[in-house]
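# Working through the structure, step by step
Residues per chain are reported as follows:
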Amino acid sequence: MPGPLAGLRVLDLSRVLAGPWATQILADFGAQVIKVEKPGEGDDTRGWGPPFITNPDGSKGDAAYFLSTNRGKWSVEIDMAKPEGQKLIRELAAKSDIVMENFKVGGLKKYGLDYDSLKAVNPRLIYCSLTGFGQTGPYAQRAGYDFMIQGMGGIMSVTGQPDGLPGAEPMKIGVAFADIFTGLYCTIGIQAALYHRERTGEGQHLDVALLDSQVGVLANQALNYLVGGTAPTRLGNAHPNIVPYQTFATQDGHIIMAVANDRQFKEYCAILGLAHLAEDERFRLNRGRVVNRAVLIPLLVEPMKTRTTAEWVRAFESAAIPCGPINSIDQVFANEQVLARGLQIGLTRDDGVQVPGVANPIVFSETPIQYDKAPPRLGDGTEKVLSEELGLGADEIAALRKAGVPRVQFTVYP
């Protein structure tokens, strides 16, 4: 079955992570994604390694970073700084449903590739602009990067060890948290705009910002402040609203305990041999455990060290108490549940290079995702797109190539 977004065309003018993450999801869902890249260089992340895949001739290929966020796309090399390149992009936009871009505010206007210019040739176009700080406001002209946004957007103030403990300092998330969430918001917004267009025939401009997205996913921590009036602080691996909900040292490592309700706490205490704690009025209800966290947690630390992580997992799972180990990345991909869900995939480029990947976590019952296009070689779709989508003949493509607009890869594609 074709994917749920089959028949839609996405013109991807974005690079690095947040924008390409959004368009990779659209590609997974069946849309045709045309990724426009600078001739001879391409997306910056092609060089963000090691590690790199190995080309057929033994040379270093694209970085793993690029491969993580560009599955399912065709790469077209077009120099948008040249009038001929701008014309090609406008022609592609006229035939597209969605444009994704992450240039600085106003950066595409000088090329005639801003929303107003492309709307004039395609009123049904959904044009998503992704920036650090949005199209308006005093920071609109600033560049935004994930790390600085994590700091400015508050997540680092609640991540890391509490003051006074070894290693205490604000800590970023181990992946590009703001970028990934912003890419997801772009995808969500684009699909909502598609539904609006289905009802009205109108396209629209989406303004999505890294800072807005980061603030948006502060979730309960934002409301803890807005309701309570006190800014949350770093708690390490503890939870601000649930106790005990944190890591504990075991006989051979660590375990995560997620004791989320009072029934689970009673069972937890019984297994630990501390049944009396569940009857203590200070700890019987979660609200009391949160208030008396500093008294309760030390009473649990030493008993948790008496068994191995695996032994605790078996004991707590038998009582339906959520818990689990802390896996390294290699252990994640060896995990029986991860294997059963098919989360590691493999794709083959047109040059025969094998490229690993991670499956999209959404499973459709009627329109399953088909992983049939590996992350593209630079320019692997230039000739295909210019000829099939824009109807250019061999002479026209040759003339553009001579002018340095596209660097065409002369390969025959199915």
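Everything that follows concerns the structure shown earlier in this document.
Secondary structure summary: the chain contains 16 helices and 13 strands in total. Principal axes of the C-alpha set define a box for the chain whose edges measure 85 × 50 × 40 Å. The 414 residues of the chain split such that 46% are buried. Considering only residue pairs separated by 6 or more positions, the chain has 68% of its internal contacts joining residues 24 or more positions apart.

The antiparallel open sheet is built from three strands, whose spatial order is β9-β10-β11. Edge positions in the sheet fall to β9 (245-249) and β11 (323-324), since each of these pairs with one other strand and no more. Pairing of strand β10 (residues 254-258) with β11, which is carried by two bridges, proceeds in the antiparallel orientation. Bridged to I256 within β11 is G324. Relative to the sheet, helix α12 (residues 309-318) contacts β10 and β11, its axis offset from that of β10 by approximately 20°.

Moving on, we come to the pairing of strand β5 (residues 73-77). The buried fraction of β5 is high, at five of five residues. Across the two faces of β5 the burial is the same, with K73, S75 and E77 and W74 and V76 all buried. With five bridges connecting them, strand β2 (residues 32-37) and β5 associate as parallel partners. Among the inter-strand pairings, V33 is bridged to a residue of β5, identified as K73.

It is worth spelling out the packing of helix α9 (residues 262-272) against α12 at this point. Contact geometry for α9 and α12: axes closest at 10 Å, N-to-C directions at 135°. It follows that α9 is oblique to α12 by the angle criterion. The interaxial crossing formed by α9 with α12 has right-handed handedness. In this structure, α9 contributes Y268, I271 and L272 to the contact, and α12 contributes W312, A315 and F316.

Throughout the structure, instances matching the rule amount to eight aromatic pairs. With a centroid separation of 4.9 Å and an interplanar angle of 70°, the aromatic rings of F177 and F181 are classed as edge-to-face. In this pair, F177 and F181 are both assigned in helix α6 (residues 177-200), four residues apart and thus about one turn of the helix distant. With relative accessibility at 29%, the residue F181 sits in the partly exposed group. Aromatic rings pair up to connect F265, Y268, W312 and F316 into one cluster. The positively charged end of K172 is found above the aromatic ring belonging to F147, 5.9 Å away from the centroid.

Rules used throughout
Residues numbered from 1 in each chain as written. Predicted model: local features only at pLDDT ≥ 70, side-chain atom pairs only at ≥ 80, totals over all residues. Heavy atoms only, no water. Helix = DSSP H or I, 4+ residues; strand = E, 2+ residues; numbered from the N terminus. Buried < 20%, exposed > 50% of the residue type's maximum accessible area, 1.4 Å probe, protein only. Contact = heavy atoms within 4.5 Å. Pairing = 2+ DSSP bridges. Axes fitted to C-alpha atoms, helices over the stretch in contact; angles between N-to-C directions. Parallel < 35°, antiparallel > 145°, perpendicular 65-115°, else oblique. Left-handed = near helix turned anticlockwise from the far one by under 90°. Phe/Tyr/Trp six-rings, centres within 6.5 Å; stacked < 30°, edge-to-face > 60°. Lys NZ or Arg CZ within 6 Å of the ring centre and 35° of its normal.

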